[in-house]
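Per-entry structural report
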Amino acid sequence: MLATLPKANPVMKIVKLHKAGNWRLELYAPNTQKVTKAIYKPEIALKIFNKFVLVTSISYKKGIVRFGKNPYPKETENTPIATNTKKKDIEIKTGKRINVVAVSARSISKKRRFKVNKKIFFKNPLEIFNKTKVDILFEAIGMSDGISKKVVETALKNKIHVITPNKALISKHGDYLGKLAEDNGVNLEFEASVAGGIPILRTIKEGLATNKISKVYGILNGTSNYILSEMRNSKDSFSNVLKKAQKLGYAEPGNPKLDLNGFDAFAKVRILSALAFNTKISKHKCLMEGIEKIELKDIEIANQLNLRIKLLGISEIINNQLFETVHPCLVSKNSYIGNVGGVMNAVILEGKPVGESILQGEGAGPGPTSSSLLSDLLSILNGNVKKPCLLYTSDAAD
């Protein structure tokens, strides 16, 4: 039976049949089409399952336990504060003095942790380009299209460097915007778009530039990781833990859907894939599932099997085929990834000659996000102007 398994890394479901006491394995190829089903005794099923680690979710139905199945307001509100308070540090490290010359937001009267100079406030951000000389633009609106794209596009065409934490924009239009930046000799920097304060993108672009990376995976959404960790620790329901996360600022109070349905992590996977494998952003249809269907009973069953549920983003090259997924996975309690709790993010890279590299840190919040934004700022001020995005290069693979 093992000989019939697909060579490409499949997504696996385990279905435990209560009446028979046996487990059914269901394996899915990278295109998510079913490729094989088989029923095994539990001990055999687990041996096979452990070779793949992946699982899509756990749910209960009729006696069957099924193992298988502005977005950034809080994160970026510290950027003006950090930019001003770090002015001296930035000048010492770069020899350049920065000056905030324009600010745009939906409302000037909104309560903020800093005072907005009305003289430099613009209701319409596009007016900034006609009335003020700008060298570097921070975009933190958070839309994949609309005004976010228009502002970034206009800035790059006017030879203005752009720094953004906008994963939705980069994962959708990164190829086009990267080429636009390259054509105009400016940088498009987006370190804060993936894993908050963890310098994962710069690590891939610079620190591991000579390595051939074969796999990138990890916990890419702090909200989901906090909810799963807190459900396990407090033995409380999904809905109650979500409310707690919202009160603590770990989840959007209005609509946390993008964090919970897997889209946030999947946008990050798209970006990581393009950088790690030096290719254009993938447009393939891939498996994406969030944690909305996870119940406390699921976590308790996983615990009985010495496993934990984690929402993982996975990108891998197997037999020259790109395999990208985001979904809840069963991982061993004894594994590194199984012990990353709370709002922490962790990214694991496998490559040659470096082997395995692990980066862990806070993946969201004002502190981590502003840290990455200012890191991009220093990179530009230090004259690190090159092919800016690396999502698009003239010799990148299609």
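Cut-offs applied
- Residues numbered from 1 in each chain as written.
- Predicted model: local features only at pLDDT ≥ 70, side-chain atom pairs only at ≥ 80, totals over all residues.
- Heavy atoms only, no water.
- Bend = angle between axes of the 7 residues up to and from the residue.
- Helix = DSSP H or I, 4+ residues; strand = E, 2+ residues; numbered from the N terminus.
- Buried < 20%, exposed > 50% of the residue type's maximum accessible area, 1.4 Å probe, protein only.
- Contact = heavy atoms within 4.5 Å.
- Polar contact = N/O pair within 3.5 Å; in protein donor to acceptor, adjacent residues only side chain to side chain.
- Pairing = 2+ DSSP bridges.
- Salt bridge = Lys/Arg side-chain N within 4 Å of Asp/Glu carboxyl O.
- Phe/Tyr/Trp six-rings, centres within 6.5 Å; stacked < 30°, edge-to-face > 60°.
- Lys NZ or Arg CZ within 6 Å of the ring centre and 35° of its normal.
- Expected span 1.5 Å × (residues − 1).

**What to know about helix 7 (residues 167-183)**
The sharpest bend along helix 7 reaches about 85 degrees and sits at His 173. Of all 17 residues in helix 7, twelve are buried, a share of seventy percent or more. The inward-facing, buried residues of helix 7 contact helix 6 (146-157), strand 10 (188-189) and helix 12 (263-276). Following helix 7 by one or two positions, Gly 185 adopts a phi angle in the positive range, close to 65 degrees.

**Points about the environment of Asp 236**
Secondary-structure assignment places Asp 236 in the loop between helix 9 (222-234) and helix 10 (238-248). Classification of Asp 236 as partly exposed rests on a relative accessible area of 29%. For the pair Asp 236 and Glu 295, spaced 59 residues apart in sequence, the C-alpha separation works out to 9.4 Å. Those residues in contact with Asp 236 that sit more than four places away from it in its chain are Met 231, Val 241 and Leu 296.

**Notes on the environment of Ser 193**
With respect to the element layout, Ser 193 can be found in the loop between strand 10 and helix 8 (200-207). In the structure, Ser 193 is positioned 71 residues away from Asp 264 in sequence and 9.9 Å away in space, judged by C-alpha atoms. When sequence neighbours within four positions are dropped, the list of residues in contact with Ser 193 reads Thr 164, Pro 165, Asn 166, Lys 167, Leu 201, Lys 268 and Ile 271. In terms of polar contacts, Ser 193 uses its side chain to reach the backbone carbonyl oxygen of Phe 190, at 2.7 Å.

**Remarks on the sheet that holds strand 9 (residues 161-163)**
If you walk across this open sheet you meet the three strands as 8-9-10, and the pairing is parallel. Both outer strands of the open sheet, strand 8 (136-138) and strand 10, are each paired with one neighbouring strand and no more. Pairing geometry for strand 8 and strand 9, over three bridges, is parallel. Counted as the bridge partner of Ile 136 is His 161 from strand 9.

**Quick notes on the pairing of strand 13 (residues 307-318)**
In terms of burial, strand 13 is largely enclosed, as eleven of its twelve residues are buried. In the sheet, strand 11 (residues 212-219) pairs with strand 13 via four bridges, with the strands oriented antiparallel. Note on strand 13: the bridge partner recorded for Val 216 is Ser 315. Two elements, strand 13 and strand 14 (residues 321-332), share twelve bridges in a ladder whose sense is antiparallel. Bridge pairing in strand 14 places Gly 313 opposite Val 326. Where strand 13 hands over to strand 14, the hairpin turn is made up of two residues, of which Asn 319 adopts a positive phi near 50 degrees.

**Regarding the pattern of salt bridges**
Tallied over the full model, the rule gives 16 salt bridges. Each of Glu 189, Glu 191, Arg 202, Lys 205, Glu 206 and Asp 376 takes part in one network of salt bridges that share partners.

**Section: the packing of aromatic side chains**
Enumeration according to the criterion identifies one aromatic pair in this entry. Against the face of Phe 190 rests Lys 205, its NZ or CZ located 5.4 Å from the ring centre. A cation sits over an aromatic face here: Lys 215 above Tyr 217, 4.9 Å from the ring centre.

**Quick word on helix 6**
Spanning twelve residues, helix 6 covers 17 Å between terminal C-alpha atoms, matching the ideal 16 Å at 1.5 Å per step. Of the residues making up helix 6, those classed as buried are Ser 148, Val 151, Val 152, Glu 153, Thr 154, Ala 155 and Leu 156. Of the surrounding secondary structure, the elements contacted by the buried residues of helix 6 are helix 5 (128-131), strand 8, strand 9, helix 7 and strand 10.

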